[in-house]
Amino acid sequence: MFRSVVKPFQLLLLILLSPFIAIAARYEFLVDSDDIFEKCPNIPNTNGIHDLFDIKNISIKLNDGLVDIEGSGVCKWEGIEPTDRIMFRGEFFKFQRGAWQPTLFSSYTSDFCARQFDPVSVWYDVWTRHIPEDERKCLNNYGHIYHLTKFTINTIYEFNTNVEGRYKVVSRFEAYDSANRKRSQEICYQTMANLTHDIRYAAAQHTVQNLNLTPDDYLVHNNMKSVQMWPQAGFY
């Protein structure tokens, strides 16, 4: 089965960061479902992201720690108007002690249309930045098409603490009409993911402690497949 990898929100990669461990470890962000976006089980009468977009023409390809994305998506949120105000909330959970535990991080805006193409938003680099400027309308425009220029997402990160584990990102959209009345159809979808430790890199770190080599140099010198180095995880 094809293993999908994606970075839906860079906020997730900041969870549990701390300065207590001096040696950085490398992790890969893995989504274990081919569908990537699952519908929320506790929201009735919803089909998840497929109520928001038609994404059948979007291609997601994995290639050695990179994800190539391109294609087009159609806005298909029925029963709303371009004048509606869109509320968005993203919530981040980690699976601990047999249950999904909330973390300290979340993302919220009461006017998503005003922020959708904001360069400082958490979704800009991994989505709206790659929509041509002449197509930059809010997702409340039914039938509007976004053509994504081909871009690549990095899935390897360094952290100074142990962040290995299972995570969940829940995304919810609500629409309000011009009289501030909530529309009946709410959009909710979730992404289940794992941050897994790169054992090869950890072993190389241990081996080169007394050598004049970096872990990456060691892996290349020994003809081992080296995971590409990415900047330390940060908030964009």
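Use the structure listed above.
Parameters and conventions
Position numbers for residues start from 1 in each chain and track the written sequence from start to end. Side-chain atom pairs in this predicted model are given and counted only at pLDDT of 80 or more, local residue features only at pLDDT of at least 70, and totals for whole chains, interfaces and linings cover all residues. Working from all heavy atoms in the structure, the side-chain values ignore hydrogens and water. Note that a disulfide, as used here, is simply two cysteine sulfur atoms within 2.5 Å. Segments assigned H or I by DSSP are reported as helices when at least four residues long, segments assigned E as strands when at least two residues long, and all are numbered from the N terminus. The classification of residues rests on relative accessible area computed with a 1.4 Å probe and restricted to protein chains. Under 20% of the type maximum is buried, over 50% is exposed, and intermediate values are partly exposed. Counting of polar contacts relies on pairs of N or O atoms within 3.5 Å, with two restrictions inside protein: one atom must be capable of donating a hydrogen and the other of accepting it, and residues adjacent in sequence are counted only when both atoms are side-chain atoms. Contact definition: two residues touch when any of their heavy atoms are within 4.5 Å. Should DSSP find at least two bridges between two strands, the strands are regarded as paired. A fitted line through C-alpha atoms serves as each axis, taken over the contacting stretch for helices, and the angle formed by two N-to-C directions is quoted from 0 to 180°. Working definition: rings of Phe, Tyr and Trp (its six-membered ring) pair if their centres are within 6.5 Å, and the pair is stacked with planes under 30 degrees apart, edge-to-face with planes over 60 apart, and tilted otherwise. Criterion for a charge above a ring: Lys NZ or Arg CZ within 6 Å of the ring centre, and within 35 degrees of the ring normal.

I tried to follow the state of the cysteines on my own but got confused; where do I start?
As used in these notes, a disulfide is a covalent bond between sulfur atoms, one from each of two cysteines. This model, assessed by the stated rule, comprises two disulfides. A sulfur-sulfur separation of 2.0 Å characterises the disulfide bridge that pairs Cys40 with Cys188. Torsion about the S-S bond of the Cys40 and Cys188 cystine: about -80 degrees, corresponding to left-handed handedness. Of this pair, Cys40 sits in the loop between β2 (38-39) and β3 (53-63) while Cys188 sits in strand β10 (residues 187-197), and the two are 148 residues apart along the sequence.

I tried to follow the environment of Thr103 on my own but got confused; where do I start?
Inspection of the secondary structure assignment puts Thr103 in strand β6 (residues 99-109). Thr103 sits in the partly exposed class, given a relative accessible area of 21%. Separated by 3.0 Å, the side chain of Thr103 and the backbone oxygen of Phe92 make a polar contact.

Before we go on, may I ask you to explain the environment of Thr109 in this structure?
Note on placement: Thr109 falls in strand β6. For Thr109, a relative accessible area of 9% gives the class buried. Residues Thr109 and Phe173, 64 residues apart in the sequence, show an inter-C-alpha distance of 10.0 Å. Discounting chain neighbours no more than four positions away, the residues touching Thr109 are Ile86, Met87, Phe88, Arg115 and Trp123. A distance of 3.2 Å separates a polar atom in the side chain of Thr109 from the backbone nitrogen of Asp111.

Any chance you could explain the sheet that holds strand β7 (residues 145-154) here in plain terms?
The pairing of strands in a sheet comes from backbone hydrogen bonds and takes either a parallel or an antiparallel form. Read from one edge to the other, the open sheet built from three strands follows the order β3-β4-β7, with strand pairing classed as antiparallel. Each end of this open sheet is capped by a strand with a single partner; those strands are β3 and β7. The mean inter-strand angle of the sheet, taken between neighbouring strand axes irrespective of direction, is 10 degrees. Bridging between strand β4 (residues 66-75) and β7 involves eight bridges; their strand directions are antiparallel. Each residue of the ladder has a partner; that of Val74, found in β7, is Ile145.

Quick question: what am I supposed to make of the packing of aromatic side chains here?
Aromatic rings considered in pairs are described by the distance between their centres and by the relative angle of their planes. For the structure on display, the rule yields eleven aromatic pairs. Both rings, one in Phe37 and one in Tyr189, keep their centres 5.5 Å apart while their planes meet at 85 degrees; by these two values the pair is edge-to-face. Taken together, the residues span a long stretch of sequence, with Phe37 in the loop between β1 (25-31) and β2 and Tyr189 in strand β10 at a distance of 152 residues. Ring centres 5.8 Å apart and planes at 50 degrees place the aromatic pair Phe88 and Phe112 in the tilted group. One end of the pair, Phe88, is in strand β5 (residues 85-96); the other, Phe112, is in helix α1 (residues 112-115), with 24 residues separating them in the sequence. Members of the aromatic cluster, connected to one another through ring pairs, are Phe37, Phe88, Phe112, Trp123, Phe173 and Tyr189. A cation over a ring is seen here: Arg85 above Tyr176, with NZ or CZ 4.6 Å from the ring centre. One residue, Lys168, lies across the ring of Phe93, its end atom 5.3 Å from the ring centre.

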